[in-house]
Amino acid sequence: QQPVQSPQAVILREGEDAVINCSSSKALYSVHWYRQKHGEAPVFLMILLKGGEQKGHEKISASFNEKKQQSSLYLTASQLSYSGTYFCGILGLYSGGGADGLTFGKGTHLIIQP
Amino acid sequence: DTEVTQTPKHLVMGMTNKKSLKCEQHMGHRAMYWYKQKAKKPPELMFVYSYEKLSINESVPSRFSPECPNSSLLNLHLHALQPEDSALYLCASSRVIGLASTDTQYFGPGTRLTVL
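All of these numbers come straight from a predicted model, not from anything done at the bench.

Cut-off values and rules
Residues numbered from 1 in each chain as written. Chains lettered and ligands numbered in written order. Predicted model: local features only at pLDDT ≥ 70, side-chain atom pairs only at ≥ 80, totals over all residues. Heavy atoms only, no water. Helix = DSSP H or I, 4+ residues; strand = E, 2+ residues; numbered from the N terminus. Rg over C-alpha atoms; globule rule 2.2 N^0.38 Å. Buried < 20%, exposed > 50% of the residue type's maximum accessible area, 1.4 Å probe, protein only. Contact = heavy atoms within 4.5 Å. Areas by Shrake-Rupley, 256 points an atom, 1.4 Å probe, with all protein chains shown as cover. Lys, Arg positive; Asp, Glu negative; His and termini not counted. Charge placed at Lys NZ, Arg CZ, Asp CG, Glu CD. Phe/Tyr/Trp six-rings, centres within 6.5 Å; stacked < 30°, edge-to-face > 60°. Core = buried A, V, L, I, M, F, W, Y, C linked by side-chain atoms within 4.5 Å. Polar contact = N/O pair within 3.5 Å; in protein donor to acceptor, adjacent residues only side chain to side chain. Salt bridge = Lys/Arg side-chain N within 4 Å of Asp/Glu carboxyl O. Pairing = 2+ DSSP bridges.

Peer 1: How would you explain the overall build of chain B if you had to name every residue and give the values?
Peer 2: Looking only at helices and strands, chain B features 0 helices and 11 strands. For chain B, the succession of helices and strands along the chain, N to C, is β-β-β-β-β-β-β-β-β-β-β. In terms of overall dimensions, chain B is globule-like: its C-alpha atoms have a radius of gyration of 13 Å, near the 13 Å expected for 116 residues. Along the first, second and third principal axes, the C-alpha atoms of chain B reach 40 × 30 × 25 Å. Going through the 116 residues of chain B one by one, you find that 50% of them count as buried. Across chain B, the fraction of contacts at a sequence separation of at least 24, relative to all contacts at a separation of at least 6, is 56%. Carbon and sulfur atoms make up 49% of the accessible area of chain B, which totals about 5,600 Å². Across chain B, the centroid of the 13 positively charged side chains sits 6 Å from that of the 10 negatively charged ones.

Spelled out as structure tokens, the structure:
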């Protein structure tokens, strides 16, 4: 029941756009997006809520499609600093409604070239 | 301030050693988490503490023993680990927890553990 991310890897030139998708077979209440650089901790980007969207970071936005149980992360005019691995995380796979941790997708490795 | 601190940053231990990892936050969060991350893999949940009580143990071997002495502090006691336990151990905290939670989980920098 791990969320499925696509693509697995993306190579862009600076200034290009990218879309990263995250889908789940389980009903989603929220999707949490993180970016992790090599050797560092995951850094929170934003939370997407069922029924809405929330922009939280730089030129990065996201959407939540309830019908498809999918969230998409949009990176526009990418900068070198956007390089890293992007993870989506969802709640609700451990306890079924109570205290819960995040289940992460396998990640999307993003490389931005000058 | 959204800082979660972890000590030590690096730890090398033998299979017969006993060591502890420490995590601290002063954001008033009442949920704290331990995740394990292997190279090129996503973080995987190990334990969840809610109001200082263990609420989730994700089938973690008993050689890992969590402890939450107070609302700001989370420890992970290690004993008789195996080389395959070598990984980055991440601590996180959040304000509230639950299925519909919109509260962010903030991660600490992690402890990189090597078991020889």
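The discussion continues.
Peer 1: I'd like a rundown of the packing of aromatic side chains, residues and numbers included.
Peer 2: The geometry of an aromatic ring pair comes down to the distance between the two centres and the angle between the two planes. In total, this model carries 10 aromatic pairs over all chains according to the counting rule given. With centroids separated by 6.1 Å and ring planes inclined at 75°, the aromatic side chains of Phe87 of chain A and Phe104 of chain A adopt a geometry described as edge-to-face. Here Phe87 of chain A, found in strand 8 (residues 84–90), pairs with Phe104 of chain A, found in strand 9 (residues 103–104); they are 17 residues apart in sequence, far enough to count as distant. Residues Phe87 of chain A and Phe104 of chain A agree in their burial class; the two are buried. Site record: aromatic cluster; members linked through ring pairs are Tyr34, Phe44, Phe87 and Phe104 of chain A together with Tyr33, Tyr35, Tyr106 and Phe107 of chain B.

Peer 1: Summarise the nonpolar core; cite the residues concerned and give the values.
Peer 2: Core analysis: the largest hydrophobic core is formed by 23 residues, its most contacted members being Trp34, Phe64, Leu76 and Leu78 of chain B. Among the elements of the structure, strand 2 (10–13), strand 3 (18–25), strand 4 (31–37), strand 5 (44–50), strand 7 (64–70), strand 8 (73–79), strand 9 (87–94) and strand 11 (111–115) of chain B are those that each provide at least two residues to this core. Non-local contacts of Leu76 of chain B, meaning those with residues more than four positions away in its chain, are made with Lys19, Ser20, Leu21, Trp34, Met46, Phe47, Phe64, Ser65, Pro66 and Tyr89 of chain B. In terms of nonpolar packing, the next biggest core, distinct from the first, is built from 22 residues, Val10, Ala18, Leu73 and Cys88 of chain A among them.

Peer 1: Before we move on, can you summarise the side chain of Arg35 of chain A with the specific residues and values?
Peer 2: Residue and element names in this part refer to chain A. You can see Arg35 is positioned in strand 4 (residues 30–36). Accessibility expressed as a relative area gives 9% for Arg35, which makes it buried. At 3.0 Å, the side chain of Arg35 and the side chain of Tyr86 are in polar contact.

Peer 1: So what about the pattern of salt bridges? Which residues, and what values?
Peer 2: Residues and elements named next belong to chain B. Per the stated rule, a full pass over the model turns up 4 salt bridges over all chains. For Arg30, the salt bridge identified is with Glu52, shortest N-O distance 2.9 Å. Residue Arg30 is located in the loop between strand 3 and strand 4, and its partner Glu52 is located in the loop between strand 5 and strand 6 (53–57); the two are separated by 22 residues in the primary sequence. Here Arg30 falls in the partly exposed class, since its relative accessible area comes to 29%. Judged by relative accessible area, Glu52 falls into the partly exposed class, the value being 29%. A salt bridge links Arg63 to Asp85; the shortest N-O distance between them is 2.7 Å. Pair noted here: Arg63 is in the loop between strand 6 and strand 7 and Asp85 is in the loop between strand 8 and strand 9, with a separation of 22 residues, a long-range link. The class for Asp85 is buried, based on a relative accessible area of 2%. Salt bridges sharing partners connect three or more residues here, namely Lys36, Arg63 and Asp85.

Peer 1: Account for the side chain of Ser78 of chain A, with residues named and values stated.
Peer 2: Residue and element names in this part refer to chain A. Structurally, Ser78 is set in the loop between strand 7 (70–75) and strand 8. Accessibility expressed as a relative area gives 2% for Ser78, which makes it buried. Aside from chain neighbours lying at most four places away, what touches Ser78 is Leu12, Arg13, Glu14, Gly15, Glu16 and Ile112.

Peer 1: Please give an account of the pairing of strand 10 (residues 108–113) of chain A that cites residues and values.
Peer 2: Residue and element names in this part refer to chain A. Where burial is concerned, the two faces of strand 10 differ: the one with Thr108, Leu110 and Ile112 is buried and the one with His109, Ile111 and Gln113 is not. As defined by bridge partners, strand 2 (residues 9–13) adjoins strand 10 across 5 bridges and the pair is classed as parallel. Bridge assignment links Ala9 to a residue of strand 10, and that residue is His109. The pairing of strand 8 with strand 10 spans 3 bridges and is antiparallel.

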